[in-house]
Amino acid sequence: MRILNCNITLKKPIIKSKIDIRLIIILIIYLILGIILFRYYQYQINNDGIGYINIAHSYMSGNVYGSISDYWGPLLSWLLIPFLFFGHTPLAGLQSTKLLSIIIGFFTIIGIRQLSYRLEMSEVIRTVVLLMFVPLILYFALSIITPDLLMVCVFIYYLEIIFNLEYPNKLSNGALCGIFGALAYLSKSYGFTFFIATFLIFNLFQYFRNSDRYGREKVIKNLVLGFVIFLMISGLWIGLISIKDQKLTFGTAGEYNYALVGPQSQGVPDYIEGIHNPNQINSKLIPKQWSPFKSWNNFNYQINLIWNNTLKIGTILTNFSILSLLIILAYIIMCIQPPRKLLSQNVLYYLVTVLILAGSFVVVVVEERYIWLIFVLLILMGGYLINLLFKIDFFTKDKFSNVRKTLVLVAFAFLFITMPINYLVQNVNTGEDSYYQSNILNQYGVHGNVASNDNLPQINYLAYYMNITSFGQPQNNISASKLRSELKKYKIDYYFIWDNSNQSTYMGNYSEITNGKIKNLKVYSLN
């Protein structure tokens, strides 16, 4: 308990060397491992990634208006454009996303090093902590194509500024926070609400921490300037998507996901609509907006949703490290102290950020990548606790104290890096099968419009590689006559049947073109 009551105030700035050899070595290790792993993750593909690549190509073709999306943030696609100039094949598009993510990860580690100085820890602990981020950031960069790493990177720099107890002393700090907040919003629409909430709360903390009038005035100036710059930059994009949607909106990802988990939702329309024109949306199948306050049943449904999402977040954090929930609990205990004293300690800022991030998603839907920033903060928070632990007599008074410290640091690092390392080792060559399947199907001349009995994501990946158009998959338990009718209606050129489906008997006289050369896949030519 002595550790948890230890008071660390950071009123004096911590002096950092401008040239940190240890950081340079860590960055070199990161780049070397990134280059090695790039070969094994260059084929990784997912539907959102295809969307961002296609939007970037749309910008490059001059279709700026058509590229504006209220669902996907534009920043990742904008950053992809320079890479896509050097390669125009579908594989080059995927490779570009990985190279960009590795570069973003490089700057994320630099930002994490800066943020780490907002908590007291020895340079030995800080070096170990930064090394721990190498596999974690590579996991973020290579496991999936997503703007979540980009948003994490931007928020790291934002938090480094707002967590600084000297934040009010420079008006530029408020301006920089506004810029980083806008960049986070341009990465993902979630950045809009997260920045507004945290910027307001942390400025309130800074305001009440300063007892003198002059200090509080500086906080208010930073708050106003930060919000003005944030809204000026964000407002440009909000204006564009609002004009296109003909209604005021800052993005539809949140409301769509909330509708998708609603009590009346049937799920993702693509999976339930049946074979359909991809350019036409059946409005009856779009998830409907709902309110937990509309009825008692809706309210109960929302409570159950919050409970289930809370359990899911707990599971995600525990799978990341068994120390995760213990670290959060330790910080909650450390925050039990007089408010004035607490406001002068950065443990409060870290804990509030974690709770806001977790609380943001328990109401709607949770995916691991949504809370990657919590992963980053937990390691830094753990490093601070280790630093406090090493101040007790057990780690300072005898000749074996350094051995004990070493064992604790190794155990701490092991419990956080196991998950990302296991993933990177066990998922090499992920997505490679889609690439090689597309090459084989190209040899058979597959083209035009296609549909599939199942495995919709895979058919979307093949469509990306082969420049064919996917018309989705039929509804469950469709009859042979209705299936053939839909295939004819939408002028489907090729029908894909995965695994040992009995739909093979529906194909009648249509010819199977692959002669069984692709495992678990039959392709029927319908012309």
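Computed from a predicted structure; not experimentally measured.

Conventions used here
Residues numbered from 1 in each chain as written. Predicted model: local features only at pLDDT ≥ 70, side-chain atom pairs only at ≥ 80, totals over all residues. Heavy atoms only, no water. Pairing = 2+ DSSP bridges. Helix = DSSP H or I, 4+ residues; strand = E, 2+ residues; numbered from the N terminus. Right-handed = clockwise from strand over helix to strand, strands pointing away. Salt bridge = Lys/Arg side-chain N within 4 Å of Asp/Glu carboxyl O. Buried < 20%, exposed > 50% of the residue type's maximum accessible area, 1.4 Å probe, protein only. Phe/Tyr/Trp six-rings, centres within 6.5 Å; stacked < 30°, edge-to-face > 60°. Lys NZ or Arg CZ within 6 Å of the ring centre and 35° of its normal.

Q: For this particular structure, what's the right way to read the pairing of strand 1 (residues 449-452)?
A: The two faces of a sheet get side chains in turn, since along a regular strand they alternate between them. Where strand 1 meets strand 2 (residues 469-470), 2 bridges bridge the pair, whose relative direction is parallel. Across the sheet, residue Val450 finds its bridge partner in strand 2, namely Ser470. Regarding topology, helix 20 (residues 456-466) serves as the crossover connection from strand 1 to the parallel strand 2, and that connection is right-handed. The pairing of strand 1 with strand 3 (residues 494-498) spans 3 bridges and is parallel. Counterpart to Ala451 in the pairing with strand 3 is Tyr495.

Q: What should I look at first to understand the pattern of salt bridges in this one?
A: Proximity of charged atoms lets side chains of opposite charge pair with each other. Across all of its chains, the model carries 12 salt bridges by this definition. Where Arg22 meets Asp20, a salt bridge forms, and the shortest distance between an N and an O atom there is 3.7 Å. Of the charged contacts in the structure, one is a salt bridge between Lys188 and Asp148, with a shortest N-O distance of 2.9 Å. Placement of Lys188 in the loop between helix 8 (171-187) and helix 9 (190-209) and of Asp148 in helix 7 (residues 148-162) is noted, with a sequence separation of 40 residues between them. Of the two residues examined, Lys188 and Asp148, each falls in the buried class.

Q: Any chance you could explain the packing of aromatic side chains here in plain terms?
A: Two numbers describe a pair of aromatic rings. These are the distance of the centres and the angle of the planes. Scanning the model with the defined rule gives 46 aromatic pairs in all. Between the aromatic rings of Tyr43 and Tyr436, the centroid separation amounts to 6.2 Å while the plane-to-plane angle is 45°, which identifies the pairing as tilted. One end of the pair, Tyr43, is in the loop between helix 1 (21-41) and helix 2 (47-60); the other, Tyr436, is in helix 19 (residues 432-443), with 393 residues separating them in the sequence. Exposure remark for Tyr43: the relative accessible area of 9% places this residue in the buried category. For Tyr436, a relative accessible area of 41% translates into the label partly exposed. When the centroid spacing of 5.7 Å and the interplanar angle of 65° are considered together, the rings of Phe163 and Tyr349 count as edge-to-face. Note that Phe163 is positioned in the loop between helix 7 and helix 8 and Tyr349 in helix 16 (residues 346-362), a separation of 186 residues in sequence. Neither residue differs from the other here; Phe163 and Tyr349 are each classed as buried. Against the face of Tyr117 rests Arg126, its NZ or CZ located 3.8 Å from the ring centre.

Q: What am I meant to see in the sheet that holds strand 3 here?
A: In a beta sheet, neighbouring strands pair by backbone hydrogen bonds and run either parallel or antiparallel. Sheet architecture is open: 5 strands sit in the order 2-1-3-5-4, paired in mixed fashion. Of all strands in the sheet, those with a lone pairing partner are strand 2 and strand 4 (511-512), marking the two edges. Inspection of the sheet shows strand 3 paired to strand 5 (residues 521-525) by 5 bridges, in the antiparallel sense. Counted as the bridge partner of Trp498 is Leu521 from strand 5.

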